[in-house]
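# Examination of the molecular architecture
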Amino acid sequence: MGKQVVYKGTIRGSVTGESKIKMTSTIRNPLFKGTCFAMKLEEKIGIVGIPDEILVYFAEFGYFRIGDKVIVQGQIVKEDLKNWGRPYYILEADHYYNESLQIGD
């Protein structure tokens, strides 16, 4: 089935897993890939099957601590795990605002 966008818009939540910077390395220099963190959704978005907690991927640098309140604009993508026959969801963020730290884009 491949990737399927199931929601596009603004979502509020609180960080449940601190941000991790994703990089890939080459022999001469590392390549920045983005920031990931886990977020508990504060509101129901009306899509059946989306968990209360979701992994957020932001293609730029960001810093998020456990407990931070955030607003994220982007899309939730559903993709099937081939080996388990189950879907997984990831929130691909275009923009964010960390209300706790008062930073964002």
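For the structure, check the block above.
Residues numbered from 1 in each chain as written. Predicted model: local features only at pLDDT ≥ 70, side-chain atom pairs only at ≥ 80, totals over all residues. Heavy atoms only, no water.

## Quick look at the overall build of the protein chain
- Within the protein chain one finds 0 helices and 6 strands.
- Counting the 105 residues in the protein chain, one finds 32% classified as buried.
- Within the protein chain, contacts between residues separated by at least 24 positions form 62% of all contacts whose residues are at least 6 apart in sequence.
- Here the protein chain displays about 6800 Å² of accessible surface, and carbon together with sulfur accounts for 52% of that area. (Helix = DSSP H or I, 4+ residues; strand = E, 2+ residues; numbered from the N terminus. Buried < 20%, exposed > 50% of the residue type's maximum accessible area, 1.4 Å probe, protein only. Contact = heavy atoms within 4.5 Å. Areas by Shrake-Rupley, 256 points an atom, 1.4 Å probe, with all protein chains shown as cover.)

## What about the packing of aromatic side chains?
- Taken as a whole and judged by the stated rule, the model has 3 aromatic pairs.
- Ring geometry for Phe-58 against Tyr-96: centres 5.0 Å apart, planes inclined by 80 degrees, an arrangement best described as edge-to-face. Taken together, the positions of Phe-58 in strand S3 (residues 53-58) and Tyr-96 in strand S5 (residues 86-98) put the pair 38 residues apart, joining distant regions of the chain.
- On the accessibility criterion, Phe-58 (2% relative accessible area) is buried.
- Feature note: the residues Phe-37, Phe-58, Phe-64 and Tyr-96 constitute an aromatic cluster, connected by ring pairs. (Phe/Tyr/Trp six-rings, centres within 6.5 Å; stacked < 30°, edge-to-face > 60°.)

## Thoughts on the environment of Tyr-88
- Inspection of the secondary structure puts Tyr-88 in strand S5.
- Once the C-alpha coordinates of Tyr-88 and Val-77 are considered, the two residues, 11 residues apart in sequence, prove to be 8.3 Å apart.
- Excluding anything up to four places from it in sequence, Tyr-88 contacts Val-77, Lys-78, Glu-79 and Leu-81.

## Concerning a nonpolar patch on the surface
- A contiguous nonpolar surface patch, about 320 Å² in accessible area, is contributed by Ile-21, Phe-61 and Tyr-63.
- Within the secondary structure layout, Ile-21 lies in strand S1 (residues 4-25).
- Accessibility expressed as a relative area gives 37% for Ile-21, which makes it partly exposed. (Patch = residues over 30% accessible without salt bridge, like charges linked within 9 Å, V, L, I, M, F, W, Y side chains within 5 Å. Salt bridge = Lys/Arg side-chain N within 4 Å of Asp/Glu carboxyl O.)

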